[in-house]
Amino acid sequence: MTTTQAHPIEYLLRMDRMPHIWCPGCGIGVTVNCFARALQDSKADLDKTVIVSGIGCTGRVAGYLKLDSFHTTHGRAIPFATGLKLANPELNVVVYSGDGDLTAIGGNHFIHAARRNIDMLVICVNNFTYGMTGGQLTPTTPYSAVASTAPYGSFEKTFSLPFLADSCGAVYVARWTTFHVRQLARCMAEAFTKRGFRFIEIISPCPTLYQRRNKLGDGLSFMKYLKESSECKDGADTRAVALDFQGKIIVGKFVDRDQPTWLDDMNRRYREKLGDKYEEYKGIK
Amino acid sequence: MSERPTEIKISGLGGQGVILSGIIIGKAHAIFDGRHATMTQAFGPEARGSACSSQVLLSDSRILYPYVTRPDVLVVMSQEAYTRFSPELNDDGTLLLEADLVKPGPLPPRLKAYSIPATRIAEELGRKLVLNIVMTGFFTAVTGLISGEAVRKAVADSVPPGTEKLNLAAFEKGFAYGKQLLTSGAGAPSLPGTYPLR
Amino acid sequence: MADALITADPKGTLTGAHYLDGDHACCEGALAAGCRFVAGYPITPSTEVIERFAARIPLIGGVFIQMEDELASSIAIYGAVWAGAKAMTVTSGPGFSLMMEHLGLGAMLETPCVFVNVQRGGPSTGLPTMPGQADMMQARWGSHGDYELITISPSSPQESFDFAIEAFNLSEKYRLPVILMLDECVGHMTEKVNIPPADEIKLYPRRYTACKPGEYLPFKPGPDMAPEMARAGQGYRFHITGLTHDEKGYPVMNHAAQERLVRRLVDKVRKRADDLVRVVEDGVEGAECVVVSYGITSRVASLAVQLARDEGLKVGHLMCKIVWPFPAGKIRALSGKVKSFVMPEMNYGQVVLELERVVCGRAKVALVGHGGGTVHDPREILKAIKESLL
């Protein structure tokens, strides 16, 4: 093994857990790099920043970041994160997981956390497949794309995740790809500074399964696709950003609005009804 | 160990406050008279609508079996409740009826039956809703199972804040009606408010 | 408990004599125990617990959130616990089935908290408004994988209050979810509940680590084989995972790690089983037949025992308050001395299987099975007592 210089984000990683499990050409590591840079750039209080993952390839992110980090059950990162945030509102809570975890088995939790405007940042690495288990169909697998459980190509309709998040009440919705590393890091840093349910979708390659099975070449050719097919449209109507198989990818920040969070609403409502008897809730001592 | 508890069933229409009556009676006995009382109620679809009931067991010792099986006292505030629950009543039990809402059929000879126009009394007090508290007062006076003082405390402790005065007035009316009925010869067919039941 | 206990916060303690049903009493017990976070999903006959909590908590200081389902409820409480709260979730059979996923996670993450199951008749939707005791094996074995938790079964509103506190205390001591198994009868039965002054309620405090960040090992066993906790947001930068893990909390996928971790998770309870015996004995010494019971069935069985004694039979009664771990030592000691054990339960044979295993043929074991929907007729239990002595 060659000795290398310390990478500038090493202090944010659990280096004692390297090497990581991700395949060559996988996009998840790229997103983690962006995330680490965003943490640096935004000067986030690392002791107050916690990360929660579900299960899957992206679900392993929590295990590599040197933060208070929680690797939970499949689909349930968001309700775990909800408990963390509500019990200690000082925490900056990040949920980092994949498309299958967050929008299939965890879909119900996703829409309700958005509806309630629970103050958390949800980062979804969308590689259109379940990587950890061998490349099965997810709610985002595009029409006609082959998956191990859709051997003749998917015939299901898909979720357009920015539209889903927007329509459920997310206050910040953006999409980038693993090609757009600078924009993505900036977007994450900006999202750290906002309050409420924030959602970032990252289109990412899975060369081992999704690309291979769909004969889309290696990681590099997918990067080429991301580069050539992406179009940045900040403020785009989320109804018009759905994805097709190898089609155009609209990227950018689609939604950025201020709404009271669940805790804001709780405090306001109890104050209204209970008056001075109610002491504003600031966390469980 | 424990004696057989006195079994009470309070029945009527949903919304008449049969559960609150049960709570008041149980609370009076258990908390304010310092003895033992277990209250249960039927839940679910069968607990809504026409005939519903609450059940209270009273005892001087710990109550083991939690349900009423053969009521010693049955309070009835609707005809349908009468039809449904009166066959359960102990042959020498006590039947308390709302006079205007329940017309009983022939009853076993050893049964003691008393009735009170509780709805009318409640209306005179200005709130038909306190019918159940009038009945509770009547129950307290007629059965003598719990002290009036304990029930008064339980009423004040159980009704919505701000309605204590009205409810205590309702209790007193029912209580006085029952006392008067007893002193003037309980269950006698000729007395107003009672029925020829024997 | 040998560790330094603290006393309850008067703010959450409704001192006095109250006339409460088991559900409400359970909520008051949790509040007295310092529970300040409940996530739940309404389900009959448990809903009154969360209704009361939702009404009470704003003035005490804490959070109630009604989640989208029981999967969410049962993991939201873990998030709250790791952020420093004492937390509880509440459900009944169908919801308990959904929560199985997280009983296992709770065992694995060694997360102290309380699950309440107000049992109704099952299987499936069953009898939502009527009692059952048929989730007892589910409480013991319901989640996949091997683990041990603690299950307590109260028989009255007073015990629902008392054991809610005990459940929180045991959960902190052993660092695991404790399951409080009420049933519809106890949950909906209203009786007197005495709530002591706050300073008379002893609580087991959470054992937080005194280590410096960087030195802390989240899964290094301490007293009672349970590790010390850290809470999120205090600089420990710890990691926890539902994967098999080492003392650092890092995933390790091999047999040795599995052996080290899971054996400890199981032994944490198994090796302390003698400290976890909570039984009430009635005339067990010298008895020819011992009735073994738990929950509401204990009360009905007491009546049967009286009836049997009235007939001159030598019958004892062992009422299990903690059902899991099963009081095996107690039963084993008796099983050489008595002719028979009789176990009534509102199912067609669950905890009795454990009784049979422990008695191991040294005495007759008879089940008085019952489908639920109401409690046993004491005469059925009496009949079984008599037959067992023939």
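Residues numbered from 1 in each chain as written. Chains lettered and ligands numbered in written order. Predicted model: local features only at pLDDT ≥ 70, side-chain atom pairs only at ≥ 80, totals over all residues. Heavy atoms only, no water.

**Concerning the confidence of the model for chain B**
Residues and elements named next belong to chain B.
- Per-residue pLDDT for chain B averages 90, and the proportion of residues at 70 or more is 88%.
- With pLDDT under 50 throughout, residues 188-198 is counted as low confidence; its partners more than four residues away or in other chains account for 24 contacts.
- The complex model carries a pTM of 0.96, and its ipTM stands at 0.97. (pLDDT = per-residue confidence, 0-100. Contact = heavy atoms within 4.5 Å.)

**Quick word on the sheet that holds strand β17 (residues 340-344) of chain C**
Residues and elements named next belong to chain C.
- The strand order across the open sheet built from 5 strands is β13-β15-β14-β17-β18, with neighbouring strands paired in mixed fashion. Among the strands making up the open sheet, the edge pair consists of β13 (279-282) and β18 (364-368). When the angles between neighbouring strand axes are averaged without regard to direction, this sheet yields 20°.
- Across 6 bridges, strand β14 (residues 289-294) lies against strand β15 (residues 315-320) in parallel orientation. (Pairing = 2+ DSSP bridges. Helix = DSSP H or I, 4+ residues; strand = E, 2+ residues; numbered from the N terminus. Axes fitted to C-alpha atoms, helices over the stretch in contact; angles between N-to-C directions.)

**Describing the side chain of Glu354 of chain C**
Residue and element names in this part refer to chain C.
- Mapping Glu354 onto the fold places it in helix α11 (residues 351-359).
- Here the side chain of Glu354 touches Arg357 through a polar contact of 2.8 Å, side chain to side chain.
- If we ignore the near neighbours within four places in the chain, the residues touching Glu354 are Trp324 and Phe326. (Polar contact = N/O pair within 3.5 Å; in protein donor to acceptor, adjacent residues only side chain to side chain.)

**What about the sheet that holds strand β12 (residues 239-241) of chain C?**
- Read from one edge of the open sheet, 9 strands run β7(A)-β8(A)-β5(A)-β6(A)-β4(A)-β3(A)-β1(A)-β2(A)-β12(C), paired in mixed fashion. Bordering the open sheet on either side are β7 (230-232) of chain A together with β12 of chain C, each of which pairs with just one other strand. Averaged over neighbouring strand pairs, the angle between their axes works out to 20° when direction is ignored.
- Relative to β12 of chain C, strand β2 (residues 68-71) of chain A runs parallel, the two being bridged by 3 bridges. Bridge pairing in β12 of chain C links Phe70 of chain A to Ile240 of chain C.
- Across the sheet, helix α6 (residues 161-168) of chain A lies against β4 (120-126), β5 (172-177), β6 (197-203) and β8 (249-256) of chain A, angled at about 175° from β6 of chain A, the strand it touches most.

**Comments concerning the packing of helix α3 (residues 70-82) of chain C against helix α4 (residues 93-109) of chain C**
All names here are of chain C.
- Packing of α3 against α4 leaves a shortest axis separation of 7 Å and a crossing angle of 25°. By the angle between their axes, α3 is roughly parallel relative to α4. Considering how the two elements wind past one another, α3 and α4 form a crossing that is right-handed. Contact with α3, carried on its side by Glu70, Leu71, Ser73, Ser74, Ile75, Tyr78 and Trp82, involves Gly95, Leu98, Met99, Glu101, His102, Leu103, Leu105, Gly106 and Leu109 of α4 and no other residues of that element.
- In terms of residue class, the contact of α3 with α4 is built from 9 nonpolar, 5 polar and 2 charged. (Parallel < 35°, antiparallel > 145°, perpendicular 65-115°, else oblique. Left-handed = near helix turned anticlockwise from the far one by under 90°. Nonpolar A, V, L, I, M, F, W, Y, C, P; charged D, E, K, R; others polar.)

**Considerations on unusual backbone geometry**
- Cis geometry is found at the peptide bond from Met18 of chain A to Pro19 of chain A, where omega equals 5°.
- By secondary structure assignment, the location of Pro19 of chain A is in the segment before α1 (28-41).
- With an omega dihedral of 0°, the bond running from Trp324 of chain C to Pro325 of chain C counts as a cis peptide bond.
- The topology assignment puts Pro325 of chain C in the loop between β16 (322-324) and α10 (328-335).
- With phi around 50°, Arg237 of chain C is a residue other than glycine that occupies positive phi space.
- With respect to the secondary-structure elements, Arg237 of chain C resides in the loop between β11 (202-203) and β12.
- Taking the relative accessible area as the measure of exposure, Arg237 of chain C reaches 22% and is therefore partly exposed. (Buried < 20%, exposed > 50% of the residue type's maximum accessible area, 1.4 Å probe, protein only.)

**With respect to the interface of chain C and chain A**
- Listed as interface residues are 43 residues of chain C and, on the opposing side, 44 residues of chain A.
- With both sides pooled, the region where chain C packs onto chain A buries about 3,600 Å², and carbon together with sulfur makes up 60% of that total.
- Among the residues of chain C in contact with chain A, Glu68, Arg237 and Tyr250 of chain C are the three that bury the most area, contributing 19% of the side total.
- Here chain C is connected to chain A by 5 salt bridges.
- The interface formed by chain C and chain A contains 24 residue pairs in polar contact (both at pLDDT 80 or more).
- Elements supplying a minimum of two residues to the side of chain C that touches chain A: α2 (47-60), β4 (63-66), α3, α4 and β12 of chain C.
- The dominant element in the side of chain C that touches chain A, judged by the number of residues it contributes, is α3 of chain C, at 8 residues. (Buried area = accessible area lost by both parts, 1.4 Å probe. Salt bridge = Lys/Arg side-chain N within 4 Å of Asp/Glu carboxyl O.)

**Examining the side chain of Asp99 of chain A**
- Position of Asp99 of chain A relative to the elements: it lies in helix α4 (residues 99-105).
- Although buried, Asp99 of chain A forms no salt bridge, and the nearest oppositely charged side chain, Arg175 of chain A, lies 12 Å from it. (Lys, Arg positive; Asp, Glu negative; His and termini not counted.)

**Concerning α11 of chain C**
Residues and elements named next belong to chain C.
- Buried within α11 are the following residues: Val351, Val352, Glu354, Leu355, Val358 and Val359. Down the axis of α11, the sector holding all buried residues measures 155°, keeping them to one side.
- On its buried face, α11 sits against α5 (136-141), β14, β16, α10, β17 and β18.
- The first or second residue beyond α11 is Cys360, which carries a positive phi of 55°. (Arc of directions from axis to C-beta.)

**Topic: α2 of chain C**
All names here are of chain C.
- An ideal rise of 1.5 Å per residue puts 20 Å on 14 residues; α2 measures up with 20 Å between its terminal C-alpha atoms.
- The largest bend along α2 reaches roughly 30° and is located at Ala54, with the proline Pro58 sitting one to four residues downstream.
- Of all 14 residues in α2, 10 are buried; the element is thus mostly enclosed.
- Along α2, the residues that are buried comprise Thr47, Glu48, Val49, Ile50, Arg52, Phe53, Arg56, Ile57, Pro58 and Ile60.
- With its phi angle positive at about 105°, Gly61 sits one or two positions after the end of α2. (Expected span 1.5 Å × (residues − 1). Bend = angle between axes of the 7 residues up to and from the residue.)

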